[in-house]
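Single-letter residue listing:
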Amino acid sequence: MSNAPDPRRRPSAVKTLDHTVAAVPLLQGRVLLHEHTQPIPRPRPALDDDLGGVVMTGPNADARAFQLRADVGFTGTLLIDSAAYTTYTATAERPFMAPPDELFATVHDSLNFQKARGASAALTPTGYIPPANSLALKAVLREANRIERADTLVSLPIDATWLNRENISQLIAVCAKIRHPKAVILFRQFDPLEQAKDIPANLRRLFTEVEHMSLLRTDLAALDVMAHGALCAGIGVRSSLRHAIPPDEKAQTGKRGGGPTYPHVLMPQLMCFKGAESLSTLYANADPAACACEECNGRGLDRFFLSDGETRREADSHNIFTWSEWVSDMASYRAGTERKAWWRNKCAAAVDRYALENQRIGQGATPRSGFQAPAPLKAWATLPITP
Ligand SMILES: [Zn+2]
């Protein structure tokens, strides 16, 4: 008997794609799950093979991504987000972060490395682009257009104020000149889309006016941009992965002190993420909303107020099943007006259900009691549809 390792089990069995394989067809129409490296990678049966995929982020995202390929046997669409923007701020001289321990490493090396670790396409290690820092934004354009590859997405980790009335035109002009597909990541404490009233409309404008735009590390804004012609999008598996925080700030959780964290649950009828703790309170004296997804199988949505791993896995799975169904519903409508109208009507129907659900569970219509429709959902339900 030979002691040689079985070649089928060696990491080299992971198939890699070189830089000539274009990113666009691999990503088109997909909503990816933005995963964190903290837990050991595992299969996500809730993810749709044809319309889903994974973005791996966090410390050692490349090693975790490789594990997901080699150990879990994941063969779907995969991106590696090294999240340079969490520690590095883009400057006019250096918009991309070079890997810290590799003095002579270039952006090209960083992109090649992601591909060697099993990524389907590569993301530039762009630093955080602060409010109104035009020089940093233009530096991204300059450096991005020097990249001679078909497989690269230029990541644009921008402060949410870039979507304000004063800045949106410049952002659109720069994005239109970048000749690679782009991946926007929005920065703001809490929900970036609630930063100013016109942000949901301006985000749509960016995605409608510029080709091959994607929005990563977000929440249901992923579906809004998909309905409006995005290349692809990514929804965070937990709330810290549904937006990003500038390198010099700490995440504000709206909660004092540490203590256990509980899952956020996507409400299928109301189309919002709600903390398990408040769901348990809201449904304390009423029948909880039930869910028909494969994970819940008719069970109530008040059952996630626990901090153990199994509850977290179930909540993740419920969330993924829920939005994946919406993604596949959306794909069944023709791109353009038909798809946009379907999305607007879906959001409007959800907004209309809040009062009913609050009455059903005996919560008055006063502010701060019961369920409150998020401002972006209301915007998606009412903004006009452009052909
Ligand atoms: Zn469910």
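See the structure printed just above.
The present account deals with the structure reproduced in this document. (Residues numbered from 1 in each chain as written. Predicted model: local features only at pLDDT ≥ 70, side-chain atom pairs only at ≥ 80, totals over all residues. Heavy atoms only, no water.)

## Here we look at the side chain of K340
Within the fold, K340 resides in helix α10 (residues 337-360). Non-local contacts of K340, meaning those with residues more than four positions away in its chain, are made with A227, H228, I385, T386 and P387. (Helix = DSSP H or I, 4+ residues; strand = E, 2+ residues; numbered from the N terminus. Contact = heavy atoms within 4.5 Å.)

## Re α10
Taking 1.5 Å of rise per residue, 24 residues should cover 34 Å, and α10 covers 35 Å from first to last C-alpha, within 8% of that figure. The sharpest bend along α10 measures roughly 30° and falls at Y354. Buried residues of α10: R339, K340, W342, W343, C347, A350, Y354, E357 and N358, and no others. Contacts from the buried residues of α10 go to α6 (199-209), α7 (221-227), β10 (272-275), α9 (309-331) and α11 (375-382). Positive backbone phi, at 75°, marks G362, one or two positions downstream of α10. (Expected span 1.5 Å × (residues − 1). Bend = angle between axes of the 7 residues up to and from the residue. Buried < 20%, exposed > 50% of the residue type's maximum accessible area, 1.4 Å probe, protein only.)

## So, the side chain of E35
Following the sequence through the fold, E35 ends up in strand β1 (residues 30-36). Looking at E35, the relative accessible area reads 8%, which means it is buried. Side chain to side chain, E35 and R44 meet in a polar contact 2.6 Å long. (Polar contact = N/O pair within 3.5 Å; in protein donor to acceptor, adjacent residues only side chain to side chain.)

## Observations concerning the coordination of the zinc ion
Binding of the zinc ion to the protein goes through C291 (SG), C293 (SG), C296 (SG) and H318 (ND1), at separations of 2.1 to 2.4 Å. Each of the four donor atoms around the zinc ion contributes to a set of angles spanning 102 to 121°, which defines the coordination as tetrahedral. Written as a sequence motif, the donor arrangement for the zinc ion is C-x1-C-x2-C-x21-H. Residue C291 is located in the loop between α8 (276-282) and α9, and its partner H318 is located in helix α9; the two are separated by 27 residues in the primary sequence. According to the relative accessible area criterion, C291 is buried, its value standing at 5%. (Donors = N, O, S within 2.8 Å, 3.2 Å for Na, K, Ca; no water. Tetrahedral: all angles 85-135°; square planar, octahedral: opposite > 155°, others 65-115°.)

## Observations regarding the environment of S134
In this structure, S134 sits in helix α4 (residues 134-144). The exposure class assigned to S134 is partly exposed, which follows from its relative accessible area of 23%. On a C-alpha basis, the gap between S134 and I320 in space is 37 Å, while along the polypeptide they are 186 residues apart. In this structure, S134 is in contact with W162 and Q170, ignoring residues within four places of it in sequence.

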